[in-house]
Every structure is written in C-alpha cells, then in structure tokens.
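Here is how the chains run, residue by residue.
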Amino acid sequence: AQKVTQAQTEISVVEKEDVTLDCVYETRDTTYYLFWYKQPPSGELVFLIRRNSFDEQNEISGRYSWNFQKSTSSFNFTITASQVVDSAVYFCALSEALYNTDKLIFGTGTRLQVFP
Amino acid sequence: EADIYQTPRYLVIGTGKKITLECSQTMGHDKMYWYQQDPGMELHLIHYSYGVNSTEKGDLSSESTVSRIRTEHFPLTLESARPSHTSQYLCASRAGQGFNEQYFGPGTRLTVT
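Keep in mind the model is a prediction, meaning the values are calculated, not measured. (Residues numbered from 1 in each chain as written. Chains lettered and ligands numbered in written order. Predicted model: local features only at pLDDT ≥ 70, side-chain atom pairs only at ≥ 80, totals over all residues. Heavy atoms only, no water.)

Student: Help me out: how do you make sense of the overall build of chain B in this one?
Tutor: For chain B, the count of helices and strands is zero helices and eleven strands. In chain B, the succession of α and β elements from N to C terminus is β-β-β-β-β-β-β-β-β-β-β. Taking the principal axes of the C-alpha coordinates as reference, chain B spans close to 40 × 30 × 25 Å. The burial tally for chain B puts 48% of its 113 residues in the buried class. Residue pairs in contact within chain B that sit at least 24 positions apart in sequence constitute 53% of those at least 6 positions apart. (Helix = DSSP H or I, 4+ residues; strand = E, 2+ residues; numbered from the N terminus. Buried < 20%, exposed > 50% of the residue type's maximum accessible area, 1.4 Å probe, protein only. Contact = heavy atoms within 4.5 Å.)

Right, dumping it as structure tokens:
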C-alpha cells in the first residue's frame with residue numbers, strides 16, 4: 001500500500017544549525033513522484049520540490065538540499081544554516097504514476113521551530 | 001507564483017447554518033482539490049475534480065458537497081454546519097498533463113460554534 005512516513009513530529013533547533021527532515025515512502029508503483037511542501041504559520045502550502053523515481057541525483061537550492069535514495073525508500077530534506085524564517089510545518093508527499101494518479105499522498109508533517 | 005484564492009480566510013458561524021467556501025484559480029488548471037486539515041496537521045483529501053462537471057469524493061468522508069461549473073471555480077458547501085466541521089480547509093489545483101505539483105490556496109479556517 002502507498003504510504004508516506006515522517007517520523008519526526010517536531011524538531012527544534014537554534015539558528016544557524018543544520019537540520020534534516022526525514023521522509024520514508026512505500027509504493028507498489030515503479031514510476032512515482034515525490035514532493036516537499038512548506039506550510040508557514042500563514043497556512044498556505046508552498047511547493048518546494050518534485051522528484052521522479054528515475055532521478056536519484058541529489059538537488060541543492062540555496063540552503064535547501066534533498067537526498068533521494070531508492071534503496072532505502074527515503075527522500076530527506078536538509079536545511080543548512082537554518083533561519084527563523086524556516087520555522088514551518090514541512091510535508092513530504094507521494095504521487096504514483098499507475099495507482100491513484102491524481103492524488104497526493106501526504107505524510108503527517110514535521111513541525112520545525114528555529115529559535116534565534 | 002500560484003494564483004489560487006480562497007474566501008473567506010476566517011469564518012466563525014453558528015450550528016445549523018449553510019456555508020459556502022470559495023476557491024478560484026486563474027491558471028486554467030483542470031484538476032482541483034479540497035483538503036481538510038485537522039489540528040494535528042494531517043491533510044485529508046475530501047473532494048477533487050478532473051474538470052468542468054466532474055466531481056469525486058476523496059479519501060476522507062465528508063458531509064460537504066462541491067460543484068465545478070466553471071474551470072476556475074470550485075466551491076465547497078456545507079448545508080448545515082456542525083462543531084465537528086471546525087477545521088482548516090485548503091483548496092489546490094494542478095495542470096492536467098503529467099505529474100505536476102499541486103498549488104495551494106491560503107486556506108479557510110472554519111469555526112462552528
């Protein structure tokens with residue numbers, strides 16, 4: 001069955017620390033897409049990244065980086081030198097090419113608090 | 001930047017009232033979605049639409065109904081609000097082709113007293 005697990009419910013760090021948010025997924029499909037979204041206190045979900053199952057290259061965007069490993073079914077998100085503005089709830093999500101193609105399967109989210 | 005709008009942003013209403021939550025997008029997206037988000041953060045899909053005159057129920061049973069008469073508009077209606085409907089409601093849309101990301105509106109926080 002398809003599932004996304006974010007085992008870390010809440011993480012607290014001090015500004016400038018690096019932090020990694022874990023995401024583990026389950027799928028029976030061989031073609032699928034993984035996403036990360038950020039939900040700041042304002043409530044809107046902001047799209048951060050999409051990866052397909054055939055592209056295991058790590059991605060870096062400024063202070064953000066993503067590590068996709070099919071062998072461990074993980075798609076982890078690292079924030080380098082965290083800032084207070086990074087405080088938000090972060091969601092990992094899965095979309096399958098063959099099953100449930102129109103839906104995003106969300107994890108339960110990780111609340112990140114960055115203290116000054 | 002996504003152009004998807006929800007109104008109202010906040011609504012406090014008494015039990016038994018009929019309410020409609022509005023969602024509009026200007027991107028011409030075929031597919032639209034409604035999610036309910038509980039205080040524990042988890043997102044639940046309650047309705048979605050493939051296009052005009054298409055509506056489907058999501059994974060979480062909901063007493064709400066939706067309609068899709070125009071591509072850009074996907075309102076959600078509760079005929080008789082109850083305290084159990086108190087939640088955050090998020091609308092999203094995505095382009096129909098491929099496996100594109102969903103873009104989300106700012107949400108409506110509904111409180112039923």
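Student: Where do I start with the side chain of E101 of chain B in this structure?
Tutor: Along the chain, E101 of chain B falls in the loop between β9 (87-94) and β10 (103-104). With relative accessibility at 11%, the residue E101 of chain B sits in the buried group. Here Y103 of chain B takes part through its side chain, which lies 3.0 Å from a polar atom of the side chain of E101 of chain B. Other than its neighbours up to four places away in sequence, E101 of chain B contacts F35, Y37, F47 and R50 of chain A together with S93 and R94 of chain B. (Polar contact = N/O pair within 3.5 Å; in protein donor to acceptor, adjacent residues only side chain to side chain.)

Function cannot be inferred from these measures alone, as they are strictly geometric.
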